[in-house]
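# Structural description and commentary
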Amino acid sequence: MEETLQGLQIGIDNMWLLIAGFLVMFMQPGFAMVEAGFTRSKNTANILMKNLMDFAIGSLLYWIIGFTLMYGDSIGGLIGMPDLFFMSDGFGDNYADYSDLFFQTVFCATAATIVSGAVAERTEFKSYLIFTIVISILIYPISGHWTWGGGWLSQMGFHDFAGSSIVHSVGGWVGLAGAVVIGPRIGKYTKDGKARAIPGHNLTLGALGVFILWFGWFGFNPGSQLAAAGTDNAVAIGHIAVTTNLAAAAGAITAMLVAWIRYKRPALSISLNGALAGLVAITAGCDAVDPIGAVLIGTMAGFILPFAVEFFDKILKVDDPVGAVSVHGISGAFGTLMVGLFSTSEGLFYGFGPKLLGIQAIGVLAFFAWAFGTGYILFAILKKFKVLRVSKVVEEEGLDVYEHGENAYN
């Protein structure tokens, strides 16, 4: 009887991890639809191709070496012991080994695909493939080891339950580095430096993408419980689903209201990104905050989002076609910090002092320094070898025909 119950528990936990992984994998077309909808039609095939390849390449490379760099035996708390192809004995002996590999693979792909939007419409396809290789085997696994792999940040008590910083900020900060190095799209800024709007070609696709991402986030956050059997896990999964949904809803509504007041219209694109900002921000503490805290975090993330977009666009002159840096970088960092305030078991607002807030701040700074720094070096090298940006003719006429020999629309 005991053996039967143990087998049932293993089956439930394993199936939940796989189903959650399938949901996170479904976020990949969500990212593709958002990026395609928020950019111009002449680059749609290129965008879809990038989103296809970063998942395909990331899946292979994370299996070959990325997973063990992230979860292998720690070397000084900085990196896991690499194990090519899991050739050492023992992998697969544990019932969860393959399920965990798959679940973590789709997270790696998420970090990679975030960058695509920030450098869209002017990046050579081959340089994007090089970047995907580097983030899958180096940038994401190493910083991931610091936390989920039991490294130095984890040992300090840093809390990022499902990846506001580990996944989203890493992608956002590398995207920021890429956008800085590659420069703005042709026509984005006037000669006197004034920003021009370059509207996306299909907000319907963009909205569909956001709904897909919102749905997939119920695998991203609740799935990070990593188990489903038993009362404690069941309660935790329900709690995480509620906090995740509330933060997204609050982010969307707040961003809409800010746009309505500031721009005199309830802009759809800003409202959609507001929902994503709420989702990204709650990801770090979805397990640790109560529903009221989730609403407050989502509300603040939705409020910050439009101003962050303006700051990068108009002040720093960073051309980010889909707002990836603001949605993932800024919202991820903000949400990570908010754990230090709103955690019901360790947060400052619940009488536990500033210790966790300080640890969270150290983590936010560490992820920024690592992701932006390595991303900047990578993109600078690609620029030096003249493989980063397409020619003026290709950019003006569209990457679809010149890079891929086909159009998304005929």
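Higher on the page you've got the structure.
Read on for an overview of the structure. For clarity, every value in this text was computed on a predicted model and none was experimentally measured.

Along its length, the chain carries 15 helices and 2 strands. The C-alpha atoms of the chain give 21 Å as radius of gyration, which agrees with the globular expectation for 410 residues (22 Å, within 12%). Based on the C-alpha atoms only, the size of the chain along its principal axes is roughly 70 × 50 × 40 Å. Considering the chain as a whole, with its 410 residues, one finds that 57% of them fall into the buried category. The long-range share in the chain, meaning contacts at least 24 apart out of those at least 6 apart in sequence, stands at 77%. In the chain, the 21 positive side-chain charges and the 29 negative ones have mean positions that sit 23 Å from each other.

Another point: the pattern of salt bridges. This model, assessed by the stated rule, comprises 8 salt bridges. Between Arg-185 and Asp-319 there is a salt bridge; the shortest N-O distance is 2.8 Å. With Arg-185 in the loop between helix H7 (164-182) and helix H8 (203-220) and Asp-319 in the loop between helix H11 (291-315) and helix H12 (324-342), this residue pair connects regions lying 134 residues apart in the sequence. Note on Asp-319: relative accessible area 1%, which makes it buried. Connected through shared salt-bridge partners, Arg-40, Glu-121, Arg-185 and Asp-319 make up one network.

With that out of the way, let us pick up empty space enclosed by the protein. Following the criterion strictly, the structure yields 1 cavity of 30 Å³ or more and no others. Within this model, the largest cavity holds a volume of roughly 140 Å³. Lining of the largest cavity is provided by 14 residues; of these, Phe-31, Val-34, Val-322, Ala-324 and His-328 occupy positions nearest its centre. Of all elements in the fold, only helix H2 (27-37), helix H4 (97-118), helix H10 (268-282) and H12 reach the threshold of two or more residues within the lining of the largest cavity.

Right, let's talk about the nonpolar core for a bit. One finds Phe-107, Phe-131, Tyr-140, Trp-217, Phe-220, Ile-297 and Phe-379 to be the most contacted residues of the largest nonpolar core, which totals 92 residues. Counting residues per element, this core draws most heavily on H4, which supplies 11 residues. If we skip the residues at most four places from it in the chain, Phe-379 touches Val-115, Phe-131, Val-174, Ala-177, Gly-178, Val-181 and Leu-388.

All right, on to the packing of aromatic side chains then. The relative placement of two aromatic rings is captured by the distance of their centres and the angle of their planes. Tallying each qualifying case throughout the model produces 21 aromatic pairs. Their ring planes at 50° and their centres at 5.7 Å tell us that Tyr-128 and Phe-131 sit as a pair that is tilted. Here the residue Tyr-128 and the residue Phe-131 both occupy positions in helix H5 (residues 125-145), the gap between them amounting to 3 residues, near one helical turn. Classification of Tyr-128 by relative accessible area gives buried; the value is 2%. Taking relative accessible area as the criterion, Phe-131 reaches 1% and is therefore assigned buried.

With that settled, consider H12. With 19 residues, H12 ought to run about 27 Å at 1.5 Å a step, and its terminal C-alpha atoms sit 25 Å apart, in line with that. Most pronounced at Ser-331, the bend in H12 amounts to some 30°.

Along the chain, the position of Gly-298 falls in helix H11. Look at Gly-298 and you get buried, because its relative accessible area is 0%. Taking the C-alpha atoms as reference points, Gly-298 and Ile-186, 112 residues apart in sequence, are found 34 Å from one another.

Turning our eyes to something else, we now look at the packing of H8 against H10. Interhelical geometry of H8 versus H10 gives an angle of 15° and a closest axis separation of 10 Å. Regarding the angle of H8 to H10, the classification is roughly parallel. In the crossing of H8 with H10, the sense of the turn from one axis to the other is left-handed. Contacts between H8 and H10 involve Leu-203, Gly-206, Ala-207, Val-210, Leu-213, Trp-214 and Trp-217 from the former and Leu-268, Ser-269, Leu-272, Ala-275, Leu-276, Leu-279 and Val-280 from the latter. In terms of residue class, the contact of H8 with H10 is made up of 12 nonpolar, 2 polar and no charged.

Turning to the environment of Met-15, a few remarks are in order. Here Met-15 lies in helix H1 (residues 2-25). A relative accessible area of 45% means that Met-15 is categorised as partly exposed.

This part covers the layout of surface pockets. As a volume, the largest pocket reaches approximately 840 Å³. In terms of lining, the largest pocket is formed by 29 residues, of which the most central are Lys-188, Ala-197, Ser-269, Val-309 and Asp-313. Elements that contribute at least two residues to the lining of the largest pocket include exactly H10 and H11. The residue makeup of the lining of the largest pocket, split by class, is 16 nonpolar, 5 polar and 8 charged. When its volume is computed, the second largest pocket comes out at roughly 170 Å³. Looking at the second largest pocket, the residues that line it are Tyr-71, Asp-100, Phe-103, Gln-104, Phe-107, Trp-148, Phe-161, Ser-224 and Leu-226. Classifying every residue of the lining of the second largest pocket by side-chain character gives 6 nonpolar, 2 polar and 1 charged.

What follows covers unusual backbone geometry. The backbone of Glu-121 shows a phi angle near 75°, a positive value even though the residue is not glycine. By the secondary structure assignment, Glu-121 is in the loop between H4 and H5. By relative accessible area, which is 0% here, Glu-121 ends up buried. Here the phi dihedral of Lys-264 falls at roughly 70°; this positive angle occurs in a residue that is not glycine.

Rules used in this analysis
Residues numbered from 1 in each chain as written. Predicted model: local features only at pLDDT ≥ 70, side-chain atom pairs only at ≥ 80, totals over all residues. Heavy atoms only, no water. Helix = DSSP H or I, 4+ residues; strand = E, 2+ residues; numbered from the N terminus. Rg over C-alpha atoms; globule rule 2.2 N^0.38 Å. Buried < 20%, exposed > 50% of the residue type's maximum accessible area, 1.4 Å probe, protein only. Contact = heavy atoms within 4.5 Å. Lys, Arg positive; Asp, Glu negative; His and termini not counted. Charge placed at Lys NZ, Arg CZ, Asp CG, Glu CD. Salt bridge = Lys/Arg side-chain N within 4 Å of Asp/Glu carboxyl O. 1 Å grid on protein atoms, 1.4 Å probe; cavity = no way out; pocket = protein on both sides within 12 Å on 5 of 7 lines; lining within 4 Å. Points joined across faces, edges and corners; volume = space filled by probe spheres on them. Core = buried A, V, L, I, M, F, W, Y, C linked by side-chain atoms within 4.5 Å. Phe/Tyr/Trp six-rings, centres within 6.5 Å; stacked < 30°, edge-to-face > 60°. Expected span 1.5 Å × (residues − 1). Bend = angle between axes of the 7 residues up to and from the residue. Axes fitted to C-alpha atoms, helices over the stretch in contact; angles between N-to-C directions. Parallel < 35°, antiparallel > 145°, perpendicular 65-115°, else oblique. Left-handed = near helix turned anticlockwise from the far one by under 90°. Nonpolar A, V, L, I, M, F, W, Y, C, P; charged D, E, K, R; others polar.

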